[in-house]
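# Structural features, examined
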Amino acid sequence: MSQLEIRKMNGGFGAEILGVDLAQLSDPEFRTVLDTFHRHGVVFFRDQALSPEGHVRFAERLGPININRFFQSVENYPMIAEVRKEPDQKVNVGGAWHTDHSYDEVPALGSVLVARELPDSGGDTLFANLALAFDALSSGFQEMLETLRAHHSSRHVFGAQAKYSKEVSGRIGNAEEAVQDSIHPVVIRHPDTGRKILYVNPGFTIGIDGWTDTESQGLLRFLYDHAQQPQFQLHFDWRPGSVALWDNRTTWHNAVNDYQGQRRLMHRVTVEGTPLS
Ligand SMILES: O=C(O)CCC(=O)C(=O)O
Ligand SMILES: [Fe+2]
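Just so it is clear, the model here is predicted, and its values are computed rather than measured. (Residues numbered from 1 in each chain as written. Chains lettered and ligands numbered in written order. Predicted model: local features only at pLDDT ≥ 70, side-chain atom pairs only at ≥ 80, totals over all residues. Heavy atoms only, no water.)

Counting secondary structure elements, the protein contains 7 helices and 17 strands. In terms of principal-axis extent, the alpha carbons of the protein reach across some 55 × 40 × 35 Å. Counting every position in the protein, which comprises 277 residues, the buried fraction comes to 54%. For the protein, restricting intrachain contacts to residue pairs at least 6 apart in sequence, the fraction spanning at least 24 positions comes to 82%. Accessible area for the protein stands at about 12200 Å²; split by element, carbon and sulfur atoms hold 50% of it. Where the 26 positive side-chain charges of the protein centre and where its 35 negative ones centre are 2 Å apart. (Helix = DSSP H or I, 4+ residues; strand = E, 2+ residues; numbered from the N terminus. Buried < 20%, exposed > 50% of the residue type's maximum accessible area, 1.4 Å probe, protein only. Contact = heavy atoms within 4.5 Å. Areas by Shrake-Rupley, 256 points an atom, 1.4 Å probe, with all protein chains shown as cover. Lys, Arg positive; Asp, Glu negative; His and termini not counted. Charge placed at Lys NZ, Arg CZ, Asp CG, Glu CD.)

With that settled, consider the pairing of strand E6 (residues 77–85). In this sheet, E6 lies alongside strand E5 (residues 73–74) in antiparallel orientation, the contact comprising 2 bridges. Directly across from Ser 73, in E6, lies its bridge partner Ala 81. Between E5 and E6, which pair antiparallel in sequence order, lie 2 residues; one of them, Asn 76, sits at a positive phi of approximately 75°. With 5 bridges connecting them, E6 and strand E17 (residues 264–271) associate as antiparallel partners. Across the sheet, Ala 81 pairs through a bridge with Arg 268, a residue of E17. (Pairing = 2+ DSSP bridges.)

Let us look at the site of ligand 1. By nearness alone, every residue bordering ligand 1 is listed as Val 83, Val 93, Gly 94, His 98, Asp 100, Leu 113, Thr 125, Trp 246, His 253, Ala 255, Arg 264 and Arg 268. Residue Asp 100 places a side-chain N or O atom 3.0 Å away from an oxygen atom belonging to ligand 1. Within the side chain of His 253, an N or O atom sits 3.1 Å from an oxygen atom of ligand 1. If ligand 1 stood free it would expose 290 Å²; the protein chains cover 99% of that surface. Partitioned by chemical class, the residues of the shell around ligand 1 number 5 nonpolar, 4 polar and 3 charged. (Near = heavy atom within 4 Å. Polar contact = N/O pair within 3.5 Å; in protein donor to acceptor, adjacent residues only side chain to side chain. Nonpolar A, V, L, I, M, F, W, Y, C, P; charged D, E, K, R; others polar.)

Let us look at the nonpolar core. Leu 130, Leu 145, Val 186, Leu 198, Val 200, Ile 208 and Trp 252 are the most contacted members of the largest nonpolar core, which has 27 residues in total. Contributing elements (two or more residues each) for this core: strand E8 (125–129), helix H3 (130–135), strand E11 (187–189), strand E12 (196–198) and helix H7 (213–227). Per-element accounting of this core gives the leading share, 5 residues, to H7. If sequence neighbours within four positions are ignored, Leu 145 has contacts with Leu 137, Val 186, Val 187, Leu 198, Leu 219 and Leu 223. With 26 residues, the next largest nonpolar core counts Phe 13, Phe 44, Val 157 and Phe 158 among its residues. (Core = buried A, V, L, I, M, F, W, Y, C linked by side-chain atoms within 4.5 Å.)

Before going further, it helps to examine the pattern of salt bridges. Scanning the model with the defined rule gives 20 salt bridges in all. Its salt-bridge partner being Asp 237, residue Arg 46 comes within 3.0 Å of it at the nearest N-O pair. Remark: Asp 237 occurs in the loop between strand E14 (233–236) and strand E15 (243–247) and Arg 46 occurs in the loop between strand E3 (42–45) and helix H2 (52–60); sequence separation between them is 191 residues. Looking at Asp 237, the relative accessible area reads 33%, which means it is partly exposed. Residue Arg 149 pairs with Asp 209 through a salt bridge whose shortest N-O separation is 3.6 Å. Placement of the pair is Arg 149 in strand E9 (residues 149–153) and Asp 209 in the loop between strand E13 (205–208) and H7, with a sequence separation of 60 residues. Overlapping salt bridges bring together Glu 82, Arg 84, Glu 86, Glu 117 and Arg 263 as one network. (Salt bridge = Lys/Arg side-chain N within 4 Å of Asp/Glu carboxyl O.)

This is the structure:
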């Protein structure tokens, strides 16, 4: 019999799923994981001993793997992206609120992140739930937002001229491929649950379609301040053997850079998504 246990995180969302081995999940266990993932937007596992092969196999149960063109991959594992910070590096990868891949026309579903080497303390990852943030707005404001579309881009982050791509050079590359722009509704419906979600993010959203830059920045600033309230957030404290699975449609994340002088190494496998509307 399965010992699977779902433990809610502190706050309005997020769950730890205990008593499972991701390397050999039964089909009923996988269905529970998927259902919990849809309910919460992000789920966590502890004490896993996932090999790189097991990591890829678990992610493949969620959908085809997306190989991110900017991240360096783990040697011999092209499907696994390396999220690394060395003791002498100052800037970390993903150290500001963002949604991975919103610059793509069909953004990735989400990622499975596995802790490989952790600092003695620090290096948590914050998550925000944009479905909860949307629900908390007034119906009048929600209706207005539902008429809008936003532009997203990778150029100002991963492009050759971008400050960030210089700061993390060696870990992030292929600057010449940072040419994707995309346009998505400001409010999307989750492809699996139908839930409405605010789909703009400080990392990659560059403006509201048809609005001036000043108008766009005013609205986006308001939405970001709203979404960054503590009741829509959780933080995950990584331990050896921890694994996170997050949904890029429902959540933002932010890797806290508070462990200067220490190494942190994570392995990320990303799963393809479906068109947003
Ligand atoms: O290192 C982390 O906790 C997350 C980094 C990140 O933004 C990502 O892997 O997409
Ligand atoms: Fe990220």
